[in-house]
Amino acid sequence: MEDKDIIALYWERSERAIEETDSKYGKLCRSISMGIVDDRRDSEEVINDSWLALWNSLPPQWPKLFKAYVCRIVKNLSLKKFTYTHALKRKCAYEQSLEELDDCAGHGNAVDDEVMKEELVKVVNCFLDSLSENNRNIFLERYWFVLPLEEIARRNGITKKTASMRLSRIREQLKKYLRKEGYDI
């Protein structure tokens, strides 16, 4: 079923909308959630809460990119659940993926200002636009969708080691790009 048809079901208040969303994006959403909360039961709770959040936000919203809208809700609720249940107990895939980006993110409070944050987002988006589609997908799969290296390798038809090496090179490119744009790394 097409995204616009699923959204239309939400607007009609048809419970089938949730079934269709789960059918189309459930596996991806569970993967994102598991990568963050690292617990099957917590992940299922997040997914159920996400479907409720979708139900409550559609209407009045009509998202242009339904997949991204759904994934954003799942990611945000997963982060809330993680914060609530994992008070620095152990590292999950989400923490590990963020640690990989530490060298690119810079240090200090230079990004605390809201304007600086918006500018940094624009710069990172420009960097992502400069990548090949394959490398951009690998980067987003790791750092947005929080997929494990094994899953990234499988999806892209490469080995885990190759995926790891590409991500390392992309992070290095990001670091150089940010320096060139005037960010102190």
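Provided above is the structure to which this section pertains.
Residues numbered from 1 in each chain as written. Predicted model: local features only at pLDDT ≥ 70, side-chain atom pairs only at ≥ 80, totals over all residues. Heavy atoms only, no water.

What follows covers the overall build of the chain. Of the regular secondary structure elements, the chain holds 10 helices and zero strands. The order of α-helices and β-strands along the chain, N terminus first, is α-α-α-α-α-α-α-α-α-α. Here the chain holds 185 residues, and the buried ones make up 38% of them. (Helix = DSSP H or I, 4+ residues; strand = E, 2+ residues; numbered from the N terminus. Buried < 20%, exposed > 50% of the residue type's maximum accessible area, 1.4 Å probe, protein only.)

What follows deals with the pattern of salt bridges. Taken as a whole and assessed by the stated rule, the structure comprises nine salt bridges. In this structure, Glu 20 and Arg 16 form a salt bridge, with 3.4 Å as the shortest nitrogen-oxygen distance. Of this pair, Glu 20 and Arg 16 both sit in helix α2 (residues 16-37), separated by four residues, roughly a single helical turn. The partner of Asp 22 in a salt bridge is Arg 30, with the nearest N and O atoms 2.8 Å apart. A relative accessible area of 27% means that Asp 22 is categorised as partly exposed. Within the structure, one salt-bridge network assembled from shared partners comprises Asp 22, Arg 30 and Glu 44. (Salt bridge = Lys/Arg side-chain N within 4 Å of Asp/Glu carboxyl O.)

A few words on the side chain of Ser 43. Note that Ser 43 resides in helix α3 (residues 40-57). A relative accessible area of 2% places Ser 43 in the buried class. Among the polar contacts listed, one links the side chain of Ser 43 to the side chain of Ser 33, at a separation of 3.2 Å. Beyond its immediate chain neighbours, meaning those up to four positions away, Ser 43 contacts Arg 30, Ser 33, Met 34 and Val 37. (Polar contact = N/O pair within 3.5 Å; in protein donor to acceptor, adjacent residues only side chain to side chain. Contact = heavy atoms within 4.5 Å.)

Below, the discussion takes up the environment of Arg 40. With respect to the helices, strands and loops of the structure, Arg 40 is situated in helix α3. Classification of Arg 40 as exposed rests on a relative accessible area of 60%. Separated by 10 residues in the primary sequence, Arg 40 and Arg 30 place their C-alpha atoms 8.7 Å from one another.

It is worth spelling out the state of the cysteines at this point. With the rule as written, the count across this model stands at zero disulfides. We note that Cys 29 lacks a disulfide partner, and the nearest cysteine sulfur, in Cys 71, lies 4.9 Å from it. According to the relative accessible area criterion, Cys 29 is buried, its value standing at 0%. (Disulfide = S-S within 2.5 Å.)

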